Amino acid sequence: MPSIAPASPCSSQRAKAFFKSQFQCSPRWVADAPGRINLMGEHIDYNDGFVMPAAMDRRLSIVAGPISSDEIILCTEQDKKVFRFRLNDPLLPRGDWTDYVVGVLAHWMELNASVCGLAISIASDIPLGAGLSSSAALEVATATLLEVAWEMRLHPRAKALACQAVENHYVGMPCGIMDQFAVTMAAKGHFLLLDCQTNTFEQIPVDSHFPSLLVINTNIRHALTEGCYAERRSQCESVLLVLGQTSWRSVSMTQLMDKSEELSDVQLRRGRHVISEIKRTRDAADCVRKGNMMELGKLLYASHQSLRYDYEVSCKEADWIVDRMGGLGEGGGVLGCRMTGAGFGGCVVCLVSPDAVSDIIRQLDSDYRKKFNLEADFFLTSPSEGCRAWIPS
Ligand code: GLA
């Protein structure tokens, strides 16, 4: 029986310890940012829809201290390599994870922050490439660090948008706003219902009867810059063109079906996902507000089927998990489940009764290994707070 990997509370302790071992002194500034799960509203942030993520209790921490040279010296506990960037040289993308940090540094330099050389160390408890927004956590944690280290603070909304701009234009991933927003604005004990047309949001509290949130990592890694994500985005834009609309928010299912002759089967299915997922997200928010967990669970399953067949961003491993969880059903303590994040691998999020967690894991774990010759990871999470910065004592 696998143990549920505990959420480590101490990525900041590890980042500090690694900093000391690399630079023989203590860091002056610490910042961190969480990963996120998305309960409902997948692939609709860039389609003007609603999304309802929450921050996880797994975080990425970044610590820094000033140095006298005009350099950034960057290292992570994970790969132990040291990267050096001269602040007076053009800070160009390299095509690896350092782009998320350096892109933010370059952006803050353009804002005329009080730039100084920095030694930086990073440690993270967020699985990489698992659809849990490790990239947004890295961008937002870096931005939050620079707010104190380079004394240039932004309004949280501006900070989230700046980090999205870095990901779009520096890293080259055409993501929407959900991840950077969630990681910046999330509040402990709440889901964040974000209107991606206006970037306004509502924090929806979760009461003590809310089921456990079990995250299952398929351990299939996705690479979003490889084109499938961008392809979905442009497919949705092409449907809007045919519909003669500028935003999905004003499109009904009837309007979509009225144009079915002019749309390909793929375009119709993409449109159907967007319209139905926007509605599901509003309905899901209502369920959380009213504590209607049975209905919420059904919406999760419906969302997964839409992502699987209409939007085609799931993978066979996630589908298998969702089918198995559905098979266990309410009697087995499972209220609902769906893939979370961009898809093409990554994680499934499940609403489960707290007392059924161990049994569920026992049943899924060995079958998954047998079926795919691969380990799945299981962990519980709960809605947590967004990014933070502090000066260590
Ligand atoms: C990734 C992107 C988000 C969002 C999700 C899918 O996480 O960064 O903007 O589009 O995929 O919902």
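Procedures and definitions
- Residues numbered from 1 in each chain as written.
- Predicted model: local features only at pLDDT ≥ 70, side-chain atom pairs only at ≥ 80, totals over all residues.
- Heavy atoms only, no water.
- Helix = DSSP H or I, 4+ residues; strand = E, 2+ residues; numbered from the N terminus.
- Rg over C-alpha atoms; globule rule 2.2 N^0.38 Å.
- Buried < 20%, exposed > 50% of the residue type's maximum accessible area, 1.4 Å probe, protein only.
- Axes fitted to C-alpha atoms, helices over the stretch in contact; angles between N-to-C directions.
- Left-handed = near helix turned anticlockwise from the far one by under 90°.
- Contact = heavy atoms within 4.5 Å.
- Nonpolar A, V, L, I, M, F, W, Y, C, P; charged D, E, K, R; others polar.
- Pairing = 2+ DSSP bridges.
- Phe/Tyr/Trp six-rings, centres within 6.5 Å; stacked < 30°, edge-to-face > 60°.
- Lys NZ or Arg CZ within 6 Å of the ring centre and 35° of its normal.
- Near = heavy atom within 4 Å.
- Polar contact = N/O pair within 3.5 Å; in protein donor to acceptor, adjacent residues only side chain to side chain.
- Areas by Shrake-Rupley, 256 points an atom, 1.4 Å probe, with all protein chains shown as cover.
- 1 Å grid on protein atoms, 1.4 Å probe; cavity = no way out; pocket = protein on both sides within 12 Å on 5 of 7 lines; lining within 4 Å.
- Points joined across faces, edges and corners; volume = space filled by probe spheres on them.

With that settled, the discussion passes to the overall build of the protein chain. Along the protein chain, the regular secondary structure elements total 11 helices and 13 strands. For 393 residues, the compact-globule estimate of 2.2 N^0.38 gives 21 Å, and the protein chain sits close to it at 21 Å. Along the first, second and third principal axes, the C-alpha set of the protein chain runs to 65 × 55 × 40 Å. Scored against the burial criterion, the 393 residues of the protein chain give a buried share of 58%.

Attention shifts here to the packing of helix H4 (residues 156-171) against helix H5 (residues 178-185). Helix-helix packing is described using two parameters, namely the angle between the two axes and the distance between the axes. The geometry of H4 relative to H5 is characterised by a closest axis approach of 9 Å and an angle of 145 degrees between their N-to-C directions. Crossing angle aside, the handedness with which H4 passes H5 is right-handed. Across the interface between the two elements, Pro156, Arg157, Lys159, Ala160, Cys163, Gln164 and Glu167 from H4 touch Gln180, Phe181, Thr184 and Met185 from H5. For the contact of H4 with H5, a count of residues per class yields five nonpolar, three polar and three charged.

Before going further, it helps to spend a moment on the pairing of strand S9 (residues 212-217). For S9, the buried fraction is high: six of the six residues fall into the buried class. Of the two faces of S9, the one lined by Ser212, Leu214 and Ile216 and the one lined by Leu213, Val215 and Asn217 are each fully buried. Pairing of S9 with strand S11 (residues 347-352), which is carried by six bridges, proceeds in the antiparallel orientation. Counterpart to leucine 214 in the pairing with S11 is cysteine 350. As defined by bridge partners, S9 adjoins strand S12 (residues 377-381) across five bridges and the pair is classed as antiparallel. Residue asparagine 217 lies in a different strand from S12, and its bridge partner there is aspartate 377.

Enumeration according to the criterion identifies eight aromatic pairs in this entry. When the centroid spacing of 5.5 Å and the interplanar angle of 90 degrees are considered together, the rings of phenylalanine 83 and tryptophan 97 count as edge-to-face. One end of the pair, phenylalanine 83, is in strand S5 (residues 82-86); the other, tryptophan 97, is in the loop between S5 and helix H2 (98-110), with 14 residues separating them in the sequence. Using a relative accessible area of 24% as the deciding quantity, one classes tryptophan 97 as partly exposed. Aromatic side chains phenylalanine 181 and phenylalanine 201 sit 6.0 Å apart centroid to centroid with 70 degrees between the ring planes, which places their arrangement in the edge-to-face category. One end of the pair, phenylalanine 181, is in helix H5; the other, phenylalanine 201, is in strand S8 (residues 200-205), and 20 residues separate them in sequence. Here the aromatic residues Trp320, Tyr368 and Phe372 are joined through ring pairs into a cluster of three or more. The side chain of arginine 58 reaches across the aromatic face of phenylalanine 379, ending 4.0 Å from its centre.

In the vicinity of the ligand, the contacting residues are Arg36, Glu42, His43, Asp45, Tyr46, Cys175, Gly176, Met178, Asp179, Tyr229, Gly341 and Ala342. Here an oxygen atom of the ligand and a side-chain polar atom of aspartate 45 are 2.5 Å apart. Within the side chain of aspartate 179, an N or O atom sits 2.7 Å from an oxygen atom of the ligand. When isolated, the ligand has an accessible area of 310 Å², and the protein chains bury 97% of it.

Let's shift gears to the side chain of serine 314. Structurally, serine 314 is set in the loop between helix H9 (293-310) and helix H10 (316-328). A polar side-chain atom of serine 314 sits 2.6 Å from a polar atom in the side chain of aspartate 319. Filtering out sequence-adjacent residues up to four positions away, serine 314 remains in contact with His304, Leu307, Arg308, Asp319, Met339 and Phe344.

Roughly 900 Å³ of internal volume is contained in the largest pocket. In this structure, the largest pocket is lined by 44 residues; those nearest its centre are Tyr100, Gly129, Ser134, Ser135 and His222. Mapped by element, the contributors of at least two residues to the lining of the largest pocket are H2, strand S6 (117-124), helix H3 (134-149), H4 and H5. If one sorts the elements of the lining of the largest pocket by residue count, H3 sits on top with four residues. Class assignment of the residues belonging to the lining of the largest pocket gives a composition of 19 nonpolar, 16 polar and nine charged.

Glancing now at the sheet that holds strand S10 (residues 334-340). Strand order in the open sheet made by the four strands is S10-S11-S9-S12, with antiparallel pairing throughout. With one partner strand each, in any of the chains shown, S10 and S12 form the two edges of the open sheet. Neighbouring strand axes in the sheet, compared pairwise and without regard to direction, differ in orientation by 25 degrees on average. Contacts from H9 reach S10 and S11, with the element oriented near 35 degrees to S10.

It is worth spelling out unusual backbone geometry at this point. Even without a glycine there, the phi angle at histidine 43 is positive, about 60 degrees. With respect to the helices and strands, the residue histidine 43 is situated in the loop between strand S1 (29-38) and strand S2 (50-51).

Glancing now at the packing of H2 against H3. In the contact formed by H2 and H3, the axes pass within 9 Å of each other and the chain directions differ by 35 degrees. Remark: the crossing between H2 and H3 carries right-handed chirality. For the pair H2 and H3, the contacting residues are Tyr100, Val101, Val104, Leu105 and Trp108 in the first and Ser135, Leu138, Glu139, Thr142, Ala143, Leu146 and Glu147 in the second. Classifying every residue of the contact of H2 with H3 by side-chain character gives eight nonpolar, two polar and two charged.

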